[in-house]
Amino acid sequence: MSAATVLAGGRVITPFRAVEGDVLLAGGRVQDIRPWGPPRAGEERVDCAGCWVGPGLVDIHVHGGGGHDFAGDDPDAVVAGADYHLSQGTTSLAPSALSIPFDQLDRAIRAARRAAGRSRATILGFHVEGVYLDMEYRGGHLARHVHDPDPREYRPLLEAHADFITEWTLAPELPGALDVIAACREAGIMPSAGHTRASYEQFLAAIEAGLRHTTHYACCMGNMRFEVLQPDKTTGKGFAPGVLEAVLLHDEVTTELICDGFHLHPAFVQLVVKCKGPRGVCLVSDTVFGVGLPEGEITVGDQPTLMKNGIAIIRDRPEIIASSVTPLSGMVRWAHRKAGLPLAAAWEMASATPARVIGADDRKGILAPRMDADVLVMDQDLNIRGVYVAGRRVQ
Ligand SMILES: [Zn+2]
Ligand SMILES: [Zn+2]
């Protein structure tokens, strides 16, 4: 095996720009992006003519894959689930769990830690989604696990895993939630508002406490209210923004889009990207563990869930989407083809932006010299033609 690989003749999406170039990988890093040309001594040439060559995708919100749930305590399951996503072009990910008791959560995080040493895909850390969520907006989370913040629960977890938790999703309007947000920031964890119906004022207080991200935009998220704006005067009701509008207004807050064609109308995706730009938006798969399995019934938490026609719905409440079954590369495809976003923008939203949100953009999500040699190659129809981790082909 030669020491260096050149992905040659493709169009490179860095993802900040698209250029005709050859990408040189060696020593586990990107060494150079140079004009098209013949290979040099000691370089193995991989023909990428007619293909897009961009950073491997970074999924910061994903619950499992290939039949393996990231909420369990088995590191092998995390490795196998991450491997499924790797086969779909996701080279880095942060496993997530739905609301579960804290002792289980602790075991799930420990399992992800152990998996991190063995997984071919990079395990960036763990995204805690729950349990401090709005009960009415809890979506697929089980009511019996959802409750108000309790420092006796979250403080020990933060002490044990501050170095590994990447993101913590909570409803900032709950009593004590601002303290969780501040504790997360102190621990270097990205606090994120999700499953929330905070008022505009409550959302601003959360930003002041350190909130900088929001979870799956629009999904389980409150919007504008019709209410009396000046109660001291005799007035009718007016319109006050909720979280949906506040996210669009506040540039300091990033957000996530589930671009599977079921969660969000294409025009909604266009609206959010128009307001925030690709630097303010992450694509996230938010997949249930069943993604990659044949369609049929699975159990999520203890809820019978149907995977059918490309989406997972709760069997007894078919109007409720349980989760996505589209991996991140499928969302890049959909965002480009169906929502009309430029490919480079969709790619950036699935690589550089999520890496930056959780503080991994010093090595992940960008094709540039010294960055990790994690690369996704797709053809003109956006079929995956190659996946590289640390410069080695894995798919
Ligand atoms: Zn959620
Ligand atoms: Zn989720």
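Here goes a summary of the coordinates provided. (Residues numbered from 1 in each chain as written. Chains lettered and ligands numbered in written order. Predicted model: local features only at pLDDT ≥ 70, side-chain atom pairs only at ≥ 80, totals over all residues. Heavy atoms only, no water.)

**Considering the nonpolar core**
1) Next: Core analysis: the biggest nonpolar cluster contains 94 residues, and Trp-168, Leu-257 and Leu-283 have the highest contact counts within it.
2) Next: With seven residues, helix α2 (residues 102-116) is the single largest residue contributor to this core.
3) Next: Residues Val-30, Val-46, Cys-48 and Val-53 belong to the second largest nonpolar core, which totals 14 residues. (Core = buried A, V, L, I, M, F, W, Y, C linked by side-chain atoms within 4.5 Å. Buried < 20%, exposed > 50% of the residue type's maximum accessible area, 1.4 Å probe, protein only. Helix = DSSP H or I, 4+ residues; strand = E, 2+ residues; numbered from the N terminus.)

**Details of the packing of α2 against helix α3 (residues 151-161)**
Helix packing for two helices is described by the angle between their axes and how far apart those axes are.
1) Next: Look at α2 against α3: their axes get within 11 Å of each other, and the N-to-C directions meet at 10°. On the basis of their axis angle, the class for α2 and α3 is roughly parallel. Here α2 contributes Phe-102, Leu-105, Asp-106, Ile-109, Arg-110 and Arg-113 to the contact with α3, which in turn contributes Glu-153, Tyr-154, Leu-157, Ala-160 and His-161.
2) Next: The class makeup of the residues in the contact of α2 with α3 is six nonpolar, one polar and four charged. (Axes fitted to C-alpha atoms, helices over the stretch in contact; angles between N-to-C directions. Parallel < 35°, antiparallel > 145°, perpendicular 65-115°, else oblique. Contact = heavy atoms within 4.5 Å. Nonpolar A, V, L, I, M, F, W, Y, C, P; charged D, E, K, R; others polar.)

**Structural notes on the packing of aromatic side chains**
1) Next: Enumeration over the complete set of coordinates arrives at six aromatic pairs.
2) Next: Between Tyr-217 and Phe-268, the ring centres sit 6.1 Å apart and the planes meet at 80°, which makes this aromatic pair edge-to-face. Within this pair, whereas Tyr-217 is found in the loop between β14 (213-214) and β15 (225-228), its partner Phe-268 is found in helix α7 (residues 266-276), the two being separated by 51 residues in sequence.
3) Next: The exposure class of Phe-268 is partly exposed, given its relative accessible area of 30%.
4) Next: Taken together, Phe-102, Tyr-132, Tyr-154 and Trp-168 form an aromatic cluster joined through their ring pairs. (Phe/Tyr/Trp six-rings, centres within 6.5 Å; stacked < 30°, edge-to-face > 60°.)

**What about the sheet that holds strand β20 (residues 303-308)?**
The strands making up a sheet associate through hydrogen bonds between their backbones, and the pairing can be parallel or antiparallel.
1) Next: Reading across the sheet, the four strands line up as β19-β20-β21-β22 and stay open at both edges, with antiparallel pairing between neighbours. This sheet does not close on itself; its edge strands, each paired only once, are β19 (296-300) and β22 (317-324). Each strand axis lies, on average, 40° off the axis of its neighbour in the sheet, ignoring direction.
2) Next: Alignment of β20 against strand β21 (residues 311-314), held across four bridges, turns out to be antiparallel. Its bridge partner being in β21, Thr-305 is matched across the sheet by Ile-314. (Pairing = 2+ DSSP bridges.)

**Points about the side chain of Ser-324**
1) Next: Note that Ser-324 resides in strand β22.
2) Next: With a relative accessible area of 0%, Ser-324 lands in the buried category.
3) Next: Side-chain polar atoms of Ser-324 contact the backbone nitrogen of Thr-326, separated by 3.0 Å.
4) Next: Apart from residues lying up to four places away in sequence, Ser-324 is in contact with Ile-258, Asp-260, His-263, Ser-285, Asp-286, Thr-287, Val-288, Ile-311 and Met-331. (Polar contact = N/O pair within 3.5 Å; in protein donor to acceptor, adjacent residues only side chain to side chain.)

**Quick look at the environment of Glu-167**
1) Next: Structurally, the position occupied by Glu-167 is in strand β12 (residues 165-170).
2) Next: Glu-167 sits in the buried class, given a relative accessible area of 0%.
3) Next: Setting aside its immediate chain neighbours within four residues, Glu-167 contacts Ile-60, Phe-126, His-127, Val-128, Ile-189, Met-190, Ser-192, His-213, Thr-215, Glu-256 and Ile-358.

**Quick notes on the coordination of the zinc ion (ligand 1)**
1) Next: Coordination of the zinc ion (ligand 1) by the protein is provided by Glu-129 (OE), His-195 (NE2) and His-216 (NE2), with metal-donor distances spanning 2.0 to 2.1 Å.
2) Next: Donor residues for the zinc ion (ligand 1), ordered by position in the chain, follow E-x65-H-x20-H.
3) Next: In this structure, the zinc ion (ligand 1) lies 3.6 Å from the zinc ion (ligand 2), and both are coordinated by Glu-129. Of this pair, His-195 sits in the loop between β13 (190-193) and α5 (200-209) while His-216 sits in the loop between β14 and β15, and the two are 21 residues apart along the sequence. Comparing His-195 with His-216, the two get one shared label, buried. (Donors = N, O, S within 2.8 Å, 3.2 Å for Na, K, Ca; no water.)

**Points about the coordination of the zinc ion (ligand 2)**
1) Next: Here the zinc ion (ligand 2) is held by the protein donor atoms His-61 (NE2), His-63 (NE2), Glu-129 (OE) and Asp-286 (OD), which lie 2.0 to 2.2 Å from it.
2) Next: Coordination at the zinc ion (ligand 2) comes from four donor atoms whose angles at the metal span 84 to 171°, giving a geometry best classed as irregular.
3) Next: Expressed as a motif, the donor residue spacing for the zinc ion (ligand 2) is H-x1-H-x65-E-x156-D. (Tetrahedral: all angles 85-135°; square planar, octahedral: opposite > 155°, others 65-115°.)

**Brief notes about the packing of helix α4 (residues 177-186) against α5**
1) Next: Between α4 and α5, whose axes approach to 9 Å, the crossing angle comes to 25°. Classified by the interaxial angle, the pair formed by α4 and α5 is roughly parallel. Judged by the sense of rotation from one axis to the other, the crossing of α4 with α5 is right-handed. Along its contact with α4, which presents Leu-178, Ile-181, Ala-182 and Arg-185, the element α5 presents Ala-205, Ala-206 and Ala-209.
2) Next: Residue composition of the contact of α4 with α5, grouped by class: six nonpolar, no polar and one charged. (Left-handed = near helix turned anticlockwise from the far one by under 90°.)

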